[in-house]
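One-letter residues, chain by chain:
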Amino acid sequence: MARPYVLLSAAVSLDGFLDDTGPERLLLSGPEDFDRVDEVRAGSDAILIGAGTLRTDNPRLLVYSAERRAARLAAGLPEYPLKVTVSASGDLDPEARFWHTGGAKTVYTTDKGARRLSGLLPADVEVVALGPDVEWRAVLDHLGDVKGVRRLMVEGGGSVHTRLLQQGLADEVQLVVAPLFVGEPDAPRMFGHGAYPPGRMRLVETRAVGDVVLMRYVPTAPGAGRLASAADRRWLEVACELAAHCPPSETAFSVGAVVVAADGTELARGHSREGGDPVVHAEEAALAKLDPADPRLASATVYSSLEPCSRRASRPAPCARLIIEAGVRRVVTAWREPDTFVASADGNAVLTAAGVDVVLLPEYEDRAKAPNAHLLPPAARS
Ligand SMILES: NC(=O)c1ccc[n+]([C@@H]2O[C@H](COP(=O)([O-])OP(=O)(O)OC[C@H]3O[C@@H](n4cnc5c(N)ncnc54)[C@H](OP(=O)(O)O)[C@@H]3O)[C@@H](O)[C@H]2O)c1
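Model, not experiment: these values are computed from the prediction.

### Comments concerning the site of the ligand
Around the ligand, 28 residues are found, and the nearest of them are G50, G52, V134, G156 and G157. Counting only elements with at least two residues in the shell around the ligand, the list comes to β1 (5-12), β2 (46-50), α2 (51-57), β3 (82-87) and α7 (158-166). A breakdown of the residues in the shell around the ligand according to their chemical character gives twelve nonpolar, ten polar and six charged.

Here it is as structure tokens:
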């Protein structure tokens, strides 16, 4: 099972605040935007808030439209998405509306937090203790693997948004800017201090919704080392899409590759048999477009739908070697090379032995295989 798609959703004032310091929750969105949020909730498997928002806003986090709830039921889904909160301390009010409205609820907490909550919350609330700390990767893995959550909407607050974005775990940010000012230095901001992924996110949509503006961004900066980030998954999808556009062949795989700088800038892309060359490989085609002296290669990531080749008859250097010689130190791939053309090819081992970090994301294997199904025995096609 894969980790869920993580969508951060929030509204901010023109001066960048999530709320004011008053006792009541500041309403930043208008009716049209609340309805849009309701639609996004209805399209999610789970909605998560931090314990801070639970304590401050006491939200219900429901899907309010009866039609949307009926559509969920008709699609075989629970009437309401799973409600999730995260608390290290376990300092949660059992009377909060969160527990007494909607459908299923899960709390992720520490062992200590779980002891504090023992017997306190309504019996149908699942309390998941994750050890001495609550690691976000563990929360997302549990939501994906155990709870079957494919799409997670995160509705704040600032600390939760900050941590998920800083750790490269947010697949999308949906930010609404409301036409008003807060002007209080102690009011909460959407994003706090600290190290964020470098470079620029990619703007994928802007839309006026009543008197607010919705902006949707996706991350671009590759992860670091052997940990996969949300941007890694997006770039690997691009590589898989490129693979699907290769000229067909009965004697070679269809593969796509993208080379991405540490700040998320795409440096080059390529695919098998590109430009009429019947034997060129995807990584080879992409790297050939770059100046070997480009200083960005040393911190770049190569995304390839298929593990880079370790041996080949058609050219002197296999792709694993080309990557090492280009100075690239990180590769993300979806599919280990099967024995179809080369027995026991192990390009990942060649890369690893040369000190390259290799990240394998098998959840993309089926997409990488799809344009190659005719080359595989029936049992290996998916
Ligand atoms: N405008 C909007 O769209 C919007 C949306 C949501 C919230 N808000 C505002 O945001 C403010 C609340 O934000 P906030 O930053 O104070 O709180 P928050 O992000 O909602 O929650 C922070 C709390 O979550 C728990 N937590 C987060 N990450 C954790 C981790 N890795 N491990 C363990 N626990 C973790 C901790 O709970 P414990 O302290 O229990 O350990 C932490 O104190 C409120 O003013 C609210 O109105 C605005």
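There's more to say after this.
### A few points about the UniProt feature "domain: CMP/dCMP-type deaminase" (unreviewed entry) in the chain
Per the UniProt record, "domain: CMP/dCMP-type deaminase" (unreviewed entry) is found at residues 230-344. For residues 230-344, the helix share is 25%, the strand share is 20%, and the end-to-end C-alpha distance is 31 Å.

### Some points on the pairing of strand β12 (residues 301-306)
Side chains on a regular strand alternate between the two faces of the sheet. The element β12 is largely enclosed, with a buried count of six among its six residues. Relative to β12, strand β10 (residues 256-260) runs antiparallel, the two being bridged by four bridges. From the neighbouring strand, V260 faces β12, where its bridge partner is T301. As paired strands, β12 and strand β13 (residues 330-335) are joined by four bridges and run parallel to one another. Within β13, the position partnered with V302 by the bridge is V331. Remark: the β12/helix α10 (residues 319-326)/β13 crossover connection has right-handed handedness.

### Description of the sheet that holds β13
Strand order in the open sheet formed by five strands is β11-β10-β12-β13-β14, and the pairing between neighbours is mixed. Every other strand in the sheet has two partners, leaving β11 (266-271) and β14 (357-360) as the edge strands with one partner each. Averaged over all pairs of adjacent strands, the angle between strand axes in this sheet comes to 15 degrees, irrespective of strand direction. Here helix α8 (residues 230-243) sits on the sheet and contacts β10, β11, β12, β13 and β14; the angle it forms with β10, its principal contact strand, is near 140 degrees.

About the criteria used
- Residues numbered from 1 in each chain as written.
- Predicted model: local features only at pLDDT ≥ 70, side-chain atom pairs only at ≥ 80, totals over all residues.
- Near = placed C-beta within 6 Å.
- Helix = DSSP H or I, 4+ residues; strand = E, 2+ residues; numbered from the N terminus.
- Nonpolar A, V, L, I, M, F, W, Y, C, P; charged D, E, K, R; others polar.
- UniProt positions renumbered as here; feature names shortened; annotations may be inferred.
- Buried ≥ 20, exposed ≤ 12 C-beta atoms within 10 Å, placed from the backbone.
- Pairing = 2+ DSSP bridges.
- Right-handed = clockwise from strand over helix to strand, strands pointing away.
- Axes fitted to C-alpha atoms, helices over the stretch in contact; angles between N-to-C directions.
- Contact = placed C-beta atoms within 7 Å.

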